[in-house]
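Remarks on the overall topology
Listed below are the residues making up each chain.
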Amino acid sequence: MYSAAITGSGVFTPEHSISNDELVAAFNAYADQFNAENAAAIEAGTVTAKPHSSSDFIFAASGIERRYVLDKSGVLDPARMFPSLPDRSDDEPSLMAEMAVDAARTALAQAGKTAADVDAVICAASNHERAYPAIAVEIQQMLEIDGFAFDMNVACSSATFGIQTATDMIKSGSICSALVVCPEICSAHLEWRDRDCHFIFGDVATALLIERDENLDGPHFKIKSTRLATKFSNNIRNNNGFLRRTRDQMDDRRDMQFMQNGRKVFKEVLPMVSTHIADHMAEEDLQADALKRLWLHQANKTMNDYIGKKVLGRVPDAGEQPNILQDYANTSSAGSIIAFSKYSDDLAAGDFGLICSFGAGYSVGSVIVERSG
Ligand code: CO8
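All figures in this text were calculated on a predicted structure; none of them were measured in a lab.

Buried residues dominate helix α11 (residues 335-342), accounting for seven of its eight residues. For α11, the full list of buried residues reads Gly335, Ser336, Ile337, Ile338, Ala339, Phe340 and Ser341.

Take a look at the structure:
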């Protein structure tokens, strides 16, 4: 049985960022326009008026200050409220592949490796741009990687499930290395006209290079163990699928986008994640005081503060549990990997850290790593 290690990571960050104030100004202009157009029905009580959103609420409820998006103008146009991402022809690279390739090149460069050193590509994301051919195979082709590639989807937990999948293949000896990429275009699955969730998500792509832990030169993170769990819940759901009504048959596509019962998610996922991490650490005989860093899923600051305190048994010191959601918002599967990529260089050889993702499914995945080299 072989061992696996993370040898490189990369993040593709879109060039456009939307602040809470910009987002709220667009939403409120849309709401005012809707209320004016429906004034008579609102007066008659047959249509509900749309209340304003607020930057103060968004920051207090989530800790989010801004989010990166592939297209800003479409999202901020009160008459549109949806990113303007023109369809690409079959001869052009898909958007997800393009983002993932950018992040993957950074991960390869960090590890000092090339495409020739990679045996497999896993594109692990909460939404895929098309059914097939797999986005992962397109990424494989764009990077000129031999071997194989496939897509997988476990919503926000896709990255940790991808890490375990790659790690297990490396351990068994069927491959020596894999790229696990998480391109997330959340802006295209979000209803920007829904006040309850319009602030939650952003776009990004991450990549990890995972290799057989043998003769590794540079600094790397040994994957000590992984642990996954799922439990069915309807509280985070997107009904878009090939068996659903087609566009011209429907008047309402709201259930084909991200929907959630945020309060229930909050209450049900927190104990699930805390117990999952505690059990994983106990199984590995890893004490809280030996854990130098927690790279948590980036959905909500209050949630992360709670989990950090529960896992460490005290309020985490600054930097022990880094958040990136203030700048990126929730980027689904990519969140914990952005935190890992940006806040792991300073760990010393022998330091332990834990990557944890959680989200729709429900799903939770944790990865215990040890810095080496
Ligand atoms: N501005 C002002 N007021 C608002 C706003 C707003 N924008 N939104 C809601 N309010 C109001 C509500 O109407 C409510 O008013 P009232 O009390 O009068 O009814 C009040 O503020 C409080 O609302 P909530 O109870 O909804 O607010 P919370 O404090 O619960 O915060 C959160 C809402 C931030 C959504 C919080 O519940 C949360 O973070 N929950 C956990 C969410 C989570 O982790 N979800 C995981 C999703 S990710 C995933 O796995 C799926 C990935 C798929 C990717 C999809 C890409 C798009």
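Okay, back to it.
For the rest of this paragraph, the subject is the environment of Val273. By the element assignment, Val273 lies in helix α8 (residues 262-283). Distance from Val273 to Ile307, taken between C-alpha atoms, is 7.5 Å for residues 34 residues apart in sequence. With sequence-adjacent residues up to four places away left out, Val273 is seen in contact with Ile307, Cys356, Phe358 and Val364.

Working note: regular strand, side chains alternate between the two faces of the sheet. Among the nine residues in strand β6 (residues 177-185), nine count as buried, and that is most of the element. Looking at chain direction, strand β4 (residues 120-124) and β6 are connected through four bridges and run parallel. Residue Ala120 lies in a different strand from β6, and its bridge partner there is Ala178.

Another aspect to go through is the site of the ligand. Taken together, 27 residues lie around the ligand, and Cys156, Gln260, Arg263, Asn300 and Ala360 are the ones closest in. Gly262 has a polar backbone atom sitting 3.1 Å from a nitrogen atom of the ligand. In the environment of the ligand, an oxygen atom lies 2.7 Å from a nitrogen or oxygen atom belonging to the side chain of Arg263. Among the elements of the structure, α3 (55-62) and α8 are those that each provide at least two residues to the shell around the ligand. Classifying every residue of the shell around the ligand by side-chain character gives 13 nonpolar, 11 polar and three charged.

Summed over the entire model, instances satisfying the criterion amount to nine aromatic pairs. Look at Phe27 and Tyr30: their rings are 6.1 Å apart centre to centre, the planes differ by 65°, and that puts the pair in the edge-to-face class. Of the two residues, Phe27 and Tyr30 are both situated in helix α1 (residues 20-37); the distance of three residues between them amounts to about one turn of the helix. By relative accessible area, Tyr30 is classed as buried at 12%. Among the aromatic side chains, those forming a connected cluster through ring pairs are Phe27, Tyr30 and Phe34. A cation over a ring is seen here: Lys50 above Phe34, with NZ or CZ 4.7 Å from the ring centre. Over the ring of Tyr2 we find Arg212; its NZ or CZ atom is 3.6 Å from the centre of that ring.

In this structure, Ser372 sits in strand β13 (residues 363-372). Residue Ser372 is classed as buried on the basis of its relative accessible area of 16%. When near neighbours in sequence (up to four residues on either side) are disregarded, Ser372 contacts Gly218, Pro219, His220 and Lys222.

Turning next to the environment of Gln257. By the secondary structure assignment, Gln257 is in the loop between β9 (236-237) and β10 (259-260). Of the residues examined, Gln257 reaches a relative accessible area of 11% and is grouped as buried. Distance in space between the C-alpha atoms of Gln257 and Asn238 is 5.2 Å, their sequence separation being 19 residues. In contact with Gln257, not counting residues within four places along its chain, are Phe82, His189, Leu190, Glu191, Arg237 and Asn238.

Rules behind the numbers
Residues numbered from 1 in each chain as written. Predicted model: local features only at pLDDT ≥ 70, side-chain atom pairs only at ≥ 80, totals over all residues. Heavy atoms only, no water. Buried < 20%, exposed > 50% of the residue type's maximum accessible area, 1.4 Å probe, protein only. Helix = DSSP H or I, 4+ residues; strand = E, 2+ residues; numbered from the N terminus. Contact = heavy atoms within 4.5 Å. Pairing = 2+ DSSP bridges. Near = heavy atom within 4 Å. Polar contact = N/O pair within 3.5 Å; in protein donor to acceptor, adjacent residues only side chain to side chain. Nonpolar A, V, L, I, M, F, W, Y, C, P; charged D, E, K, R; others polar. Phe/Tyr/Trp six-rings, centres within 6.5 Å; stacked < 30°, edge-to-face > 60°. Lys NZ or Arg CZ within 6 Å of the ring centre and 35° of its normal.

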